[in-house]
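Structural description and commentary
Letter by letter, the chains look like this.
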Amino acid sequence: MVSLNLDPSGQFLTLSTPARSMRFHAIWLRDNSHDPETRSSGNGQRLISLRDVPKDTHIASADLQGEKMKILFEPENKSVTFELDWLISNAYDNAEVRHRGWIGEGVETWDTSLMENVPTGDYSELVCGGPALRDWLEKIIRYGFGKIENGPVEDGSLFQIVDLFGYVRETNYGRHFEVRTEVNPTNLAYTGLGLQAHTDNPYRDPVPTIQVLYCLESSAPGGENMVVDGFAAINRLRNENQEYFDVLADYCASFEYAGEAGVCLTSRKPIIELAPEGELTGIRFNNRSMAAVTDVPFDKMSTYYEAYRRLGEIIDDEAMEVTFRLNPGEAFLVDNRRVLHARKGYSGEGTRCLQGCYADMDGLRSTYDAMQRQASG
Ligand code: FE2
């Protein structure tokens, strides 16, 4: 049961359900009108600009009509009907106070216990689309990483993974890159050393938001892949020490890669990235490409380094990591704004050959949301 109350000023109205009350401004309602003069009935795009809406727009009358609400806007003398469902799902009158670093809906942090339940899709099912693909994409959005099994063992198969949801992001490393390791313990130069967990390419703006790694050959023991939830690590840091969280969120770090001719990629971005309203949106963590940090004031620099060190210790904690081995025809992808990846060291002898590429989360989310909307009619 929904009830309606129009403020005598005509500047806003209040819709109330048994669960909550929601105020809506006249100007917001007018701007979000769905009538065919305001929005294209074909593609849903807005056909007017705010300059076409009078500054003194107000609500002259509002009436509930079943599942709809009819509003008369003055001075335009314009009548518009809204679906109540749409208003309720787009309500913005939220009294909830959220702490800095809150995590958005549909995202779930994890630690090593996720090892029992690694989000995995079967390639032969995913290529058919439908619920199998939709469920796998939902898991990528929820956990920030996912694995694929039973893929083809062919050069370039990783592009078929990207084709499931989006487009490759080409960089100075090419459309894809080779990760080939010859493991030979008699020659240290070719010993596959482990790498600390990191996010890729923090020196780009924007960073590639997905990395795909696809295994074509794996005859060397060890060399497992490992992922860590950067959001879980940041949560832990914030719970331990708010000052550490703040200093890494409030000041920019610097990142750089100039390791090949004609390339000089630099960025100034914080290690902990927040949206203006405090939502945690990203982590950049990569010891190899961190440049001299010059945006932290002298008085804060010691705290900054303590915080950076502590975040690294949390990331290195085995309680945070999910480890799995990739066999030929298997791949994994990470949300590179959130989930750190690493390779463990090798032992014995053999060859490991992977191909990697970048892609973007906006395409993945778009594919998922479009499938979701279609499924819900
Ligand atoms: Fe990497």
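Residues numbered from 1 in each chain as written. Predicted model: local features only at pLDDT ≥ 70, side-chain atom pairs only at ≥ 80, totals over all residues. Heavy atoms only, no water.

1. Structural notes on the coordination of the iron ion
The iron ion binds to the protein through His-198 (NE2), Asp-200 (OD) and His-341 (NE2), with metal-donor distances spanning 2.1 to 2.2 Å. Going along the chain, you hit the donors of the iron ion in the pattern H-x1-D-x140-H. Of the two residues, Asp-200 sits in the loop between β10 (177–183) and β11 (210–218) while His-341 sits in strand β19 (residues 339–343), which places them 141 residues apart along the sequence. Given the relative accessible area of 9%, Asp-200 is considered buried. (Donors = N, O, S within 2.8 Å, 3.2 Å for Na, K, Ca; no water. Helix = DSSP H or I, 4+ residues; strand = E, 2+ residues; numbered from the N terminus. Buried < 20%, exposed > 50% of the residue type's maximum accessible area, 1.4 Å probe, protein only.)

2. Some words on helix α8 (residues 298–316)
Along its 19 residues, α8 runs 28 Å from first to last C-alpha, staying within 8% of the 27 Å computed at 1.5 Å per residue. Every buried residue of α8 is listed here: Thr-303, Tyr-304, Ala-307, Tyr-308, Leu-311, Gly-312, Ile-314 and Ile-315. (Expected span 1.5 Å × (residues − 1).)

3. Topic: the domain arrangement of the protein
For the protein, the assigned domains read domain 1 (3–89) and domain 2 (112–242 + 315–376). Look at where the C-alpha atoms of domain 1 and domain 2 centre, and you get two points 45 Å apart. (Domains from an automatic or database assignment.)

4. Some details on helix α7 (residues 242–250)
Since the α-helix packs 3.6 residues into each turn, any two residues three or four apart lie on the same face. Inspection of α7 places Tyr-244, Phe-245, Val-247, Leu-248 and Ala-249 among the buried residues, and these make up the whole buried set. On its buried side, α7 packs onto α6 (230–240), β15 (272–274) and α8. Sitting at the amino-terminal end of α7 is Asn-241, which places a side-chain oxygen 3.0 Å from the backbone nitrogen of Glu-243. (Contact = heavy atoms within 4.5 Å. Polar contact = N/O pair within 3.5 Å; in protein donor to acceptor, adjacent residues only side chain to side chain.)

5. A short note on the packing of α6 against α7
Relative placement of two packed helices is described by the angle separating their axes and the distance separating the axes. Contact geometry of α6 with α7 gives a least axis separation of 5 Å together with a crossing angle of 125 degrees. As summarised for this structure, α6 and α7 are arranged oblique, according to the angle between their axes. Packed against α6, whose contacting residues are Ile-234, Leu-237, Arg-238 and Glu-240, the element α7 presents Gln-242, Tyr-244, Phe-245 and Leu-248 at the interface. Here the contact of α6 with α7 is built from residues that sort into five nonpolar, one polar and two charged. (Axes fitted to C-alpha atoms, helices over the stretch in contact; angles between N-to-C directions. Parallel < 35°, antiparallel > 145°, perpendicular 65-115°, else oblique. Nonpolar A, V, L, I, M, F, W, Y, C, P; charged D, E, K, R; others polar.)

6. With respect to the sheet that holds strand β17 (residues 321–324)
One open sheet holds the three strands; their spatial order is β17-β12-β19, and the pairing between them is antiparallel. Each end of this open sheet is capped by a strand with a single partner; those strands are β17 and β19. Strand-to-strand, the axes of this sheet are offset by a mean angle of 25 degrees, without reference to chain direction. In this fold α6 packs onto β12 (225–229) and β19, with an angle of close to 45 degrees to the strand it touches most, β12. (Pairing = 2+ DSSP bridges.)

7. Topic: the sheet that holds strand β5 (residues 68–74)
As summarised here, the arrangement of the three strands in space is β4-β5-β6, forming an open sheet in which the pairing is antiparallel. Each of the sheet's edge strands pairs with one partner strand only, and the pair in question is β4 (58–65) and β6 (78–83). Adjacent strand axes in the sheet meet at a mean angle of 20 degrees, parallel and antiparallel pairs treated alike. Where β4 and β5 come together, seven bridges link them in antiparallel fashion. Bridged to Ala-62 within β5 is Ile-71.

8. Quick word on the pattern of salt bridges
Tallied over the full model, the rule gives 23 salt bridges. When the shortest N-O distance is used, the salt bridge between Glu-83 and Lys-68 registers 2.8 Å. One end of the pair, Glu-83, is in strand β6; the other, Lys-68, is in strand β5, and 15 residues separate them in sequence. Accessibility expressed as a relative area gives 42% for Glu-83, which makes it partly exposed. Measuring nitrogen to oxygen at the nearest pair gives 3.1 Å for the salt bridge that ties Arg-142 to Glu-108. Taken as a pair, Arg-142 in helix α4 (residues 130–143) and Glu-108 in the loop between α2 (84–89) and β7 (120–122) lie far apart in primary sequence, 34 residues in all. Assessed through its relative accessible area of 35%, Glu-108 is described here as partly exposed. Several salt bridges share partner residues, and in doing so they unite Arg-236, Glu-240, Arg-310, Glu-313 and Asp-317 into one network. (Salt bridge = Lys/Arg side-chain N within 4 Å of Asp/Glu carboxyl O.)

9. So, the environment of Gly-130
Within the secondary structure layout, Gly-130 lies in helix α4. Residue Gly-130 is classed as partly exposed on the basis of its relative accessible area, which comes to 30%. Considering only alpha carbons, one finds Gly-130 and Glu-67, 63 residues apart in sequence, at a separation of 31 Å.

10. Here we look at the pairing of β5
Along β5, the buried face is formed by Met-69, Ile-71 and Phe-73; none of Lys-68, Lys-70, Leu-72 and Glu-74, which line the opposite face, is buried. Connecting β5 to the next strand, β6, in antiparallel fashion are three residues, including Asn-77 with a positive phi near 55 degrees.

11. What about the packing of α6 against α8?
Close contact between α6 and α8 brings their axes to 9 Å; oriented N to C, the two are set at 125 degrees. Overall, the two elements α6 and α8 adopt an arrangement that is oblique. Judged by the sense of rotation from one axis to the other, the crossing of α6 with α8 is right-handed. In this structure, α6 uses Ala-233, Ile-234, Arg-236, Leu-237 and Glu-240 to contact α8, whose residues at the interface are Ala-307, Arg-310, Leu-311, Ile-314 and Ile-315. When its residues are assigned to classes, the contact of α6 with α8 shows seven nonpolar, no polar and three charged. (Left-handed = near helix turned anticlockwise from the far one by under 90°.)

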